Every structure is written in structure tokens, then in C-alpha cells.
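Residue strings, one per chain:
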Amino acid sequence: MAVISRGFHGRRGPGGDRLPPGQYVTEDFPVLSAGPTPHIPHDRWSFTLTTAAGEKRTWDWDALMSLPSETPQADIHCVTRWSKYDTRWRGVPVDAFLEGVDPDGTYVLVTSYGGYSTDLPLADVTGGRAWIVHEYDGAPLPPEHGGPARMLVPHLYFWKSAKWVNGMRLTRTDEPGFWEQLGYHAYGDPWREQRVQGD
Amino acid sequence: MRAPALWRVAVVAEVRQETADARTLVLAADGWPGHLAGQHVDLRLTAEDGYQAVRSYSLCAPADGARLEVSVQPVADGEVSPYLAGEVRPGDELEVRGPLGGWFVWDPADGVPDPVLLVGGGSGVAPLMAMVRARQGAPAPAPLRLLHSVRAPDQRWYAAELDRLAAEPAGPVVDTVYTRRAPPGAVRPPGRLTLPDLERPGWRAQDAPRCFVCGPTAFVEAVSGLLVEVGHPPDRIRTERFG
Ligand SMILES: Cc1cc2nc3c(=O)[nH]c(=O)nc-3n(C[C@H](O)[C@H](O)[C@H](O)COP(=O)(O)OP(=O)(O)OC[C@H]3O[C@@H](n4cnc5c(N)ncnc54)[C@H](O)[C@@H]3O)c2cc1C
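Residues numbered from 1 in each chain as written. Chains lettered and ligands numbered in written order. Predicted model: local features only at pLDDT ≥ 70, side-chain atom pairs only at ≥ 80, totals over all residues. Heavy atoms only, no water.

Engineer: How should the environment of A:Thr171 be read in this particular structure?
Structural biologist: Residues and elements named next belong to chain A. Mapping Thr 171 onto the fold places it in strand β11 (residues 165-171). Taking the C-alpha atoms as reference points, Thr 171 and Glu 55, 116 residues apart in sequence, are found 12 Å from one another. Residues contacting Thr 171, with those up to four places away along its chain left out, are Gly 105, Thr 106, Tyr 107 and Val 108. (Helix = DSSP H or I, 4+ residues; strand = E, 2+ residues; numbered from the N terminus. Contact = heavy atoms within 4.5 Å.)

Here you go:
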């Protein structure tokens with residue numbers, strides 16, 4: 001039972017099939033984060049995968065660089081309502097880190113330098129749908145956009161693409177991450193406008 | 001459906017001019033569940049043909065029953081902000097949902113006596129004003145400093161109220177940085193906020209204040225970077241960006 005706002009006409013953008021509901025297209029690359037930007041030098045960076053049974057595997061920067069990389073191109077959608085088309089990245093598919101790992105667990109909790117975390121179904125970060133990226137637009141990923149390395153999960157709202165990533169833990173139940181504990185949606189599908197809990 | 005996802009009707013109760021082009025809207029939203037200083041809402045506008053647009057606005061006053069306040073800076077060619085800052089008048093109806101954002105919040109009743117440092121750029125002062133106002137009702141208010149960066153003296157929001165509160169015996173400390181034009185007689189030449197502007201006894205790193213920084217992305221990046229540089233621990237700095 002939406003009420004009519006007198007005198008509001010709005011401006012229907014040329015959204016089309018490519019723009020999820022409630023989003024606008026931007027040419028810049030806005031930033032969303034909860035605190036100051038951490039600056040992590042490559043020689044202090046590492047990424048640790050922890051299985052549901054507690055086994056750990058760690059990659060340092062050189063190990064990350066030695067993994068075969070891909071160059072995904074994707075539209076990204078931020079919950080604060082901007083979308084950006086055709087962003088170009090370089091990184092390693094999450095599948096590469098899970099090779100030979102007992103796939104026990106149905107969710108992952110991705111963790112970051114600075115304390116950020118976010119939870120996703122394992123199925124959403126495997127099968128070539130998610131990457132750990134370290135280049136944006138042909139250059140090293142800048143710290144304010146999550147460098148040295150961040151997650152890229154373009155089919156979900158961009159808070160799921162954790163910046164400054166340092167680990168991923170497989171879990172048997174869904175453990176809410178940082179924004180998810182603060183009332184944001186557990187899954188975050190932009191096409192179903194899953195912004196906050198209850199959407 | 002959880003409360004934050006629920007759309008409620010909000011009636012415009014009052015409109016206040018903050019500057020030549022920015023306005024504060026007082027809304028009445030029946031059933032509002034309350035909020036903490038620093039949180040924001042989504043406002044939804046519906047045109048006669050059913051077209052809808054939604055934007056986020058920070059609440060600039062603490063919870064007060066069904067009463068909500070937001071301040072809007074119109075952006076050139078914007079779809080929603082020029083409407084809210086220009087066209088809307090008392091009695092008009094729109095929709096609101098929230099409260100949203102549970103991180104950039106300060107509860108003056110949480111019993112933590114640590115000083116509070118608020119740094120706002122332009123319209124980024126809105127959620128900080130909710131914190132300043134919430135402190136007024138607190139039994140033993142923490143020392144609070146608001147540092148507001150604006151282009152010129154006529155760009156200050158809530159100016160009369162802030163000056164009045166700052167003059168009270170245990171009132172907040174209110175400092176203003178002018179980036180383009182300073183008031184006559186000002187000692188500091190106009191310019192971007194720098195380290196000396198941030199440093200003030202009582203809110204230095206050794207005083208361990210809780211810091212809240214809000215504004216455009218470049219402003220938030222610069223200020224939070226400076227705070228870290230002079231020794232404020234990153235986990236004491238919470239940021240909100242309007243971009
Ligand atoms: C958490 C949060 C709290 C906010 N609180 C406030 C507040 O208290 N007061 C206030 O005035 N505004 C606030 N904003 C910004 C507000 O939500 C709108 O983005 C703003 O009013 C512009 O909307 P518009 O429809 O007029 O412009 P649009 O029609 O959306 O955009 C006009 C042009 O500006 C660009 N643009 C859109 N939004 C932004 C932006 N936020 N920053 C820079 N460029 C943009 C677009 O790409 C477009 O080119 C807040 C935003 C967020 C995310």
C-alpha cells in the first residue's frame with residue numbers, strides 16, 4: 001500500500017535488464033567500509049583456508065602469484081545502490097584453494113585484515129563464481145578497494161566480496177559475518193533485492 | 001518480516017531550512033521501533049504512475065517516539081534530493097524503513113566514559129548531530145568534540161543549536177574548519193582539514209577517544225588515515241560514507 005508522494009515524478013533511468021531493482025549505474029568506483037583502510041604489504045600478506053575439521057592451509061603472496069590466474073569481467077552491485085558495469089579484475093578462482101580439500105561444510109566464513117567477515121554458501125564461491133583478485137583494471141588493487149587482495153563474488157551484493165581478505169573457514173552451519181550480524185541479509189541477491197533481514 | 005525491512009508511512013510534519021539549499025525534514029512515522037544515534041533510514045518516494053525511488057538518509061536526531069529527522073543536501077541533477085530539499089512540504093507523505101546500519105552508532109547510555117571525537121565533512125555531520133543531541137539527555141555525558149569541515153560559514157548545518165550547546169558549562173566542544181572561505185577575523189586560513197585541526201587536548205590518541213568519521217569518501221579516507229597516523233587504533237575509528 002505505497003503512498004503517493006505529491007509532486008514526485010522521478011527519473012526513469014535507462015536501466016533495462018542489466019540493472020537490478022533499486023540500483024543506479026555509476027562510472028566512478030565508490031567505497032564502502034566500516035573503518036580505516038588497512039595497508040598490508042605483500043610480504044606480510046597471507047591467506048589461510050581452514051576446513052570444517054580444523055585443518056589449515058596457508059598461501060603467502062608468492063604462492064598466490066604462482067597459482068593460475070583468470071581475468072573475470074563482471075557487473076558489480078553495492079547495497080548502497082550503485083552498480084558498476086564491466087569491471088575488470090585478475091585473480092585466482094576460489095576453486096583452486098579448495099582443490100583436494102575434503103568438501104565437508106556447506107558454508108564459508110571469509111575473514112579480513114581489520115576484523116571484517118562475511119558468510120556465504122560454499123556453492124556460491126565454487127564452480128567459477130568467485131575469485132581472490134589482486135588486480136583491478138590492469139593495475140595492482142589499491143588498498144581502498146581491498147588490496148592487496150579481496151574476494152570477488154559479483155553475483156551477490158558487493159559487501160560479500162570482502163576486502164583485505166586473509167582467510168576462509170568452511171563451516172557446517174551458516175555463521176553470520178560482520179554486516180550480517182548487524183541486520184543485513186544473510187544471502188544478498190541483488191536481483192531479489194535482499195538488502196536487509198526480512199527482504 | 002523483521003522491523004528494518006518493513007515500509008511505514010511517514011508524514012512530513014515540519015520543514016526547516018539549514019542553509020540556502022539544504023533542509024531538515026521532520027517526519028512522523030507511526031509504529032517506529034526506535035533507533036540509536038548514527039543509524040540511517042531508507043526513504044521511498046512513489047510517483048503517481050507507481051514509479052518508485054529509494055535513497056538512504058542519516059537520522060540527525062535521537063529516537064523520540066514516532067518523530068524522525070533527516071537533513072538533505074540537494075545534489076545537482078539528483079533524482080531524489082532536490083525533491084526532498086525543495087518540493088516537499090508539511091502534510092506530504094512518503095515511506096520510511098529502518099533503522100539501518102548498526103555499526104556507526106554511539107549510545108551515550110552505554111556507560112563507557114571514553115571521550116568521543118566526531119569528524120564530519122559537509123552533510124556528513126547529520127549522523128554526528130544525532131550523537132551530539134543524544135548526549136544532551138545522558139546522565140554523565142562523555143567529553144565530546146565535534147569537528148565539522150564546511151566550505152564557508154553559510155554552509156554550517158545546525159549552527160545556532162551547536163553554538164548554544166557549546167556555550168553551556170558541560171557542553172560539547174564544537175570546532176569548524178572552513179575549506180574555501182573563513183569567517184572575518186578567523187586565524188586559520190581556509191583549507192582542507194589537516195593534522196593540527198584534529199589534534200586537541202582531551203581527544204588526542206593518548207586520550208583514547210572513540211572516533212566517528214562521516215562524509216564523502218575522499219574526506220573519510222583522508223581523516224581516518226590521519227587519525228591512524230597519529231596513533232589512534234584502527235578499531236577505535238568507525239566510518240560512514242555517503243557515496
Ligand atoms: C548510509 C547513507 C547515509 C546518507 N545520509 C545522507 C544524509 O544524511 N543527507 C544527505 O543529503 N545525503 C545522504 N546520503 C546520500 C543520499 O542517499 C543520496 O545518495 C543523495 O541524496 C543523492 O540522491 P539523488 O537521488 O538526489 O541523486 P541521484 O539521482 O541518485 O544521483 C545524481 C548523480 O549523483 C551521483 N550520486 C548518487 N548518489 C551519490 C552519492 N551519495 N555521492 C556522490 N554521488 C552520488 C549519481 O551517480 C548521479 O550521477 C546518504 C547515503 C548513504 C549511503
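Engineer: Any chance you could explain the sheet that holds strand β6 (residues 93-100) of chain B here in plain terms?
Structural biologist: Each strand in a sheet pairs with another by means of backbone hydrogen bonds, the pair being arranged parallel or else antiparallel. Residues and elements named next belong to chain B. Strand order in the open sheet made by the 6 strands is β4-β3-β6-β1-β2-β5, with antiparallel pairing throughout. Each edge of the sheet is formed by a strand with only one pairing partner; in this case those strands are β4 (52-58) and β5 (67-72). Geometrically, the sheet is characterised by an average inter-axis angle of 40° between neighbouring strands, direction not taken into account. Here strand β1 (residues 8-17) runs beside strand β2 (residues 23-28); their pairing, made up of 6 bridges, is antiparallel. (Pairing = 2+ DSSP bridges. Axes fitted to C-alpha atoms, helices over the stretch in contact; angles between N-to-C directions.)

Engineer: I would appreciate a short explanation of the side chain of B:Glu79 in the present structure.
Structural biologist: Residues and elements named next belong to chain B. With respect to the secondary-structure elements, Glu 79 resides in the loop between β5 and α1 (81-87). At a separation of 2.6 Å, a polar atom in the side chain of Glu 79 contacts the side chain of Tyr 51. Among the polar contacts listed, one links the side chain of Glu 79 to the side chain of Arg 55, at a separation of 3.1 Å. (Polar contact = N/O pair within 3.5 Å; in protein donor to acceptor, adjacent residues only side chain to side chain.)

Engineer: Which parts of the structure should I look at to understand the site of the ligand?
Structural biologist: All names here are of chain B. Residues in contact with the ligand amount to 20 residues; listed here are only the nearest, Ser 56, Tyr 57, Glu 79, Ser 81 and Phe 242. With respect to the ligand, the backbone of Val 80 contributes an N or O atom lying 2.8 Å from an oxygen atom. Counting residues per element, the ones that place at least two in the shell around the ligand are β4, β5 and α1. In terms of residues, the shell around the ligand owes the most to one element, β4, which gives 4 residues. (Near = heavy atom within 4 Å.)

Engineer: Mind showing me how you'd approach the pairing of strand β8 (residues 144-150) of chain B here?
Structural biologist: Two faces make up the sheet, and in a regular strand the side chains alternate between them. All names here are of chain B. With 7 of its 7 residues buried, β8 lies for the most part within the structure. Residue alternation in β8 divides its side chains into two sets, Leu 144, Leu 146, His 148 and Val 150 and Arg 145, Leu 147 and Ser 149, and both sets are buried. For strand β7 (residues 116-121) and β8, the ladder comprises 6 bridges, and the chain directions are parallel. In the sheet register, Leu 117 faces β8, and the bridge partner there is Arg 145. The parallel pair β7 and β8, bridged by helix α2 (residues 125-136), forms a crossover whose chirality is right-handed. Relative to strand β9 (residues 173-178), β8 runs parallel, the two sharing 6 bridges. Paired with His 148 across the strands is Thr 176, a residue of β9. Handedness of the β8-helix α3 (residues 159-166)-β9 crossover: right-handed. (Buried < 20%, exposed > 50% of the residue type's maximum accessible area, 1.4 Å probe, protein only. Right-handed = clockwise from strand over helix to strand, strands pointing away.)

Engineer: What is the right way to look at the sheet that holds strand β6 (residues 107-112) of chain A in this model?
Structural biologist: Residue and element names in this part refer to chain A. Pairing within the open sheet is mixed, and its 5 strands lie in the order β3-β2-β11-β6-β7. The sheet terminates laterally at β3 (56-60) and β7 (117-121), the two strands that pair on one side only. Across this sheet, the average inter-strand angle for adjacent strands is 15°, counted without regard to direction. Summarising the sheet, strand β2 (residues 46-50) and β3 pair through 5 bridges and their orientation is antiparallel. Across the sheet, the residue bridging to Thr 50 is Lys 56, located in β3.

Engineer: Sorry if this is basic, but what is going on with the domain arrangement of chain B here?
Structural biologist: A common way to express how large an interface is: the accessible area buried when the components associate. All names here are of chain B. Once the domains are mapped, chain B shows domain 1 (7-100) and domain 2 (116-242). A C-alpha centroid distance of 24 Å is found between domain 1 and domain 2. With 17 residues of domain 1 at the contact, the number on the domain 2 side is 15 residues. Together, the buried faces of domain 1 and domain 2 total about 1200 Å²; carbon and sulfur atoms form 59% of this surface. Between the two partners, domain 1 and domain 2, sit 1 salt bridge. One salt bridge connects Glu 69 with Arg 133, and the closest N-O pair in it is separated by 3.9 Å. At the boundary of domain 1 with domain 2, the tally comes to 4 residue pairs in polar contact (both at pLDDT 80 or more). Residues of the side of domain 1 that touches domain 2, tallied by class, amount to 7 nonpolar, 7 polar and 3 charged. (Domains from an automatic or database assignment. Buried area = accessible area lost by both parts, 1.4 Å probe. Salt bridge = Lys/Arg side-chain N within 4 Å of Asp/Glu carboxyl O. Nonpolar A, V, L, I, M, F, W, Y, C, P; charged D, E, K, R; others polar.)

Engineer: What is the right way to read the packing of aromatic side chains from this model?
Structural biologist: Centre distance and the angle of the planes are the two values used to describe a pair of aromatic rings. Taken as a whole and judged by the stated rule, the model has 19 aromatic pairs over all chains. With 6.4 Å between their ring centres and 50° between their planes, A:Trp89 and A:Phe158 make a pair best called tilted. Residue A:Trp89 is located in strand β5 (residues 82-93), and its partner A:Phe158 is located in the loop between β10 (150-152) and β11; the two are separated by 69 residues in the primary sequence. We note that A:Trp89, like A:Phe158, is buried. Members of the aromatic cluster, each reached through a chain of ring pairs, are A:Tyr116, A:Tyr157, A:Trp159, A:Phe178, A:Trp179, A:Tyr184 and B:Trp103. In this arrangement the basic side chain of A:Arg18 is found over the ring face of A:Tyr85, its NZ or CZ atom lying 4.1 Å from the centre. The ring of B:Trp103 carries B:Arg238 above its face, with NZ or CZ at 3.5 Å from the centroid. (Phe/Tyr/Trp six-rings, centres within 6.5 Å; stacked < 30°, edge-to-face > 60°. Lys NZ or Arg CZ within 6 Å of the ring centre and 35° of its normal.)

Engineer: I tried to follow unusual backbone geometry on my own but got confused; where do I start?
Structural biologist: Among all residues save glycine, negative phi is the norm, and among peptide bonds the norm is trans. Between A:Gly147 and A:Pro148 the backbone carries a cis peptide bond, its omega angle lying at 10°. Mapped onto the secondary structure, A:Pro148 falls in the loop between β9 (139-140) and β10. Of note, the amide linkage connecting B:Gly98 to B:Pro99 takes the cis form, showing an omega dihedral of 0°. On the secondary structure map, B:Pro99 appears in strand β6.

Engineer: Sorry, what's going on with the interface of chain B and chain A here?
Structural biologist: At the interface, 43 residues of chain B touch 33 residues of chain A. Across the chain B to chain A interface the summed buried area is about 3200 Å²; carbon plus sulfur atoms make up 53%. Summed over the three residues of chain B that lose the most area to chain A, namely B:Thr46, B:Trp103 and B:Arg241, the buried surface amounts to 16% of that side. Residues A:Arg6 and B:Asp92 are paired through a salt bridge, measuring 2.5 Å at the closest nitrogen-oxygen approach. For the pair chain B and chain A, the interface holds 13 residue pairs in polar contact (both at pLDDT 80 or more). Of all the elements in the fold, those that place two or more residues in the side of chain B that touches chain A are β3 (40-46), β4, α1, β6, α5 (217-229) and β11 (237-241) of chain B. Considering only residue class, the side of chain B that touches chain A consists of 17 nonpolar, 10 polar and 16 charged.

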